[in-house]
Amino acid sequence: NAGVTQTPKFRILKIGQSMTLQCAQDMNHNYMYWYRQDPGMGLKLIYYSVGAGITDKGEVPNGYNVSRSTTEDFPLRLELAAPSQTSVYFCASGPDSSYEQYFGPGTRLTVT
Amino acid sequence: GQNIDQPTEMTATEGAIVQINCTYQTSGFNGLFWYQQHAGEAPTFLSYNVLDGLEEKGRFSSFLSRSKGYSYLLLKELQMKDSASYLCALHSGAGSYQLTFGKGTKLSVIP
């Protein structure tokens, strides 16, 4: 099992550009999550999904969109990138909400 | 809302015991997680407390007191590789699948 994979590892965007952060898991987990982590801060939940076709907003969803067409994939879309979106983005998955979340290696995004 | 407080940094000596505290204010939660995060890496699961009391897992133990709004992570026989950030997170219960994380405690283990 590869676990949770994320691409790309690093990316630099110009203000106003768009991009998609990819996340995939091969553990057949129903629950998937996107977090961002700013320096010296805890992780903040952006969006989550409880299964294919079902997504919901977390604590900081503005400026982001998600989709969940399959159990395996949970891409995060940034439209009109802003410097405030400079962060490390982590995707995680879990078998259900009562168990631990397994994190991907992260994507380090810089918007300049 | 939920509020979680942890010390920002701690330093401890190799071979010693260290206790990392986490206090919280919340209207309700299902359980409390502890995660370890090495610099530049993803968080990894350490423990999950649902009931009050101590949960022991090897060199690491975690304690929860719901009445006092308090948890701690106890690390014994510290090793250099334990230098990392330790994140406390509240897990909301039924109908909500969110983890609310504290800012983390950066532990430095010195020889």
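Values in this document were obtained by computation on a predicted structure and should not be read as measured data. (Residues numbered from 1 in each chain as written. Chains lettered and ligands numbered in written order. Predicted model: local features only at pLDDT ≥ 70, side-chain atom pairs only at ≥ 80, totals over all residues. Heavy atoms only, no water.)

### Details of the nonpolar core
Then step 1. Ranked by internal contacts, the top residues of the largest apolar core, which has 21 residues, are Leu32, Trp34, Leu75, Tyr86 and Leu107 of chain B.
Then step 2. Those elements that place two or more of their residues in this core are strand S3 (18-25), strand S4 (31-37), strand S7 (60-65), strand S8 (70-75), strand S9 (84-91) and strand S11 (105-110) of chain B.
Then step 3. In this view, leucine 32 of chain B contacts Cys22, Tyr24, Ser47, Tyr48, Asn49, Leu64, Ser71, Cys88, Ala89 and Leu90 of chain B; residues no more than four positions away in its chain are not counted.
Then step 4. With 19 residues, the next largest nonpolar core counts Met19, Tyr64, Phe74 and Cys91 of chain A among its residues. (Core = buried A, V, L, I, M, F, W, Y, C linked by side-chain atoms within 4.5 Å. Buried < 20%, exposed > 50% of the residue type's maximum accessible area, 1.4 Å probe, protein only. Helix = DSSP H or I, 4+ residues; strand = E, 2+ residues; numbered from the N terminus. Contact = heavy atoms within 4.5 Å.)

### Side note on the sheet that holds strand S7 (residues 64-66) of chain A
All names here are of chain A.
Then step 1. The antiparallel open sheet is built from 4 strands, whose spatial order is S1-S3-S8-S7. In this open sheet, the two edge strands, each paired with only one partner strand, are strand S1 (4-7) and S7. Sheet twist, expressed as the mean angle between neighbouring strand axes with direction ignored, is 20 degrees.
Then step 2. Inspection of the sheet shows strand S3 (residues 19-25) paired to strand S8 (residues 76-78) by 3 bridges, in the antiparallel sense. Of the residues in S8, the one forming a bridge with threonine 20 is arginine 77. (Pairing = 2+ DSSP bridges. Axes fitted to C-alpha atoms, helices over the stretch in contact; angles between N-to-C directions.)

### Some remarks on the environment of histidine 91 of chain B
Then step 1. When you line up the elements, histidine 91 of chain B lands in strand S9.
Then step 2. It is 5.2 Å that separates the C-alpha atoms of histidine 91 of chain B and glycine 31 of chain B, two residues lying 60 residues apart in sequence.

### Digging into the interface of chain B and chain A
Then step 1. Each partner contributes residues to the interface: chain B has 17 residues there, and chain A has 24 residues.
Then step 2. Here chain B and chain A share an interface that buries about 1,600 Å² over both sides, 59% of which is from carbon and sulfur atoms.
Then step 3. On the surface where chain B and chain A come into contact, there are 2 residue pairs in polar contact (both at pLDDT 80 or more).
Then step 4. With 3 residues, S4 of chain B is the single largest residue contributor to the side of chain B that touches chain A.
Then step 5. Considering only residue class, the side of chain B that touches chain A consists of 10 nonpolar, 5 polar and 2 charged. (Buried area = accessible area lost by both parts, 1.4 Å probe. Polar contact = N/O pair within 3.5 Å; in protein donor to acceptor, adjacent residues only side chain to side chain. Nonpolar A, V, L, I, M, F, W, Y, C, P; charged D, E, K, R; others polar.)

### Comments concerning the pattern of salt bridges
Residue and element names in this part refer to chain A.
Then step 1. Tallied over the entire structure, the rule returns 5 salt bridges over all chains.
Then step 2. For glutamate 59, the salt bridge goes to lysine 44, with nearest N and O atoms at 3.7 Å. Residue glutamate 59 is found in the loop between strand S6 (54-57) and S7, and its partner lysine 44 is found in strand S5 (residues 43-51); the two are separated by 15 residues along the sequence.
Then step 3. For glutamate 59, a relative accessible area of 45% corresponds to the partly exposed category.
Then step 4. According to the relative accessible area criterion, lysine 44 is partly exposed, its value standing at 30%.
Then step 5. Close ionic contact of arginine 77 with glutamate 79 constitutes a salt bridge, the shortest N to O distance being 3.1 Å.
Then step 6. On the basis of relative accessibility, which here comes to 32%, the residue arginine 77 falls in the partly exposed class. (Salt bridge = Lys/Arg side-chain N within 4 Å of Asp/Glu carboxyl O.)

### Describing the sheet that holds strand S1 (residues 3-5) of chain B
Residue and element names in this part refer to chain B.
Then step 1. Overall, antiparallel pairing links the 5 strands, which are arranged S1-S3-S8-S7-S6 in an open sheet. Edge positions in the open sheet fall to S1 and strand S6 (53-57), since each of these has one partner strand only. With direction set aside, neighbouring strand axes in the sheet form an average angle of 15 degrees.

### Looking at unusual backbone geometry
Then step 1. Cis geometry marks the peptide bond from threonine 7 of chain A to proline 8 of chain A; its omega dihedral reads -5 degrees.
Then step 2. Within the secondary structure, proline 8 of chain A is located in the loop between S1 and strand S2 (10-13).
Then step 3. In the Ramachandran plot, leucine 80 of chain A falls in the positive-phi region, its phi being about 55 degrees despite a non-glycine side chain.
Then step 4. One can find leucine 80 of chain A in the loop between S8 and strand S9 (87-94).
Then step 5. By relative accessible area, leucine 80 of chain A is classed as exposed at 63%.
Then step 6. With a phi close to 45 degrees, glutamate 77 of chain B is a non-glycine residue in the positive phi region.
Then step 7. Following the sequence through the fold, glutamate 77 of chain B ends up in the loop between S8 and S9.
Then step 8. Given a relative accessible area of 53%, glutamate 77 of chain B falls into the exposed group.

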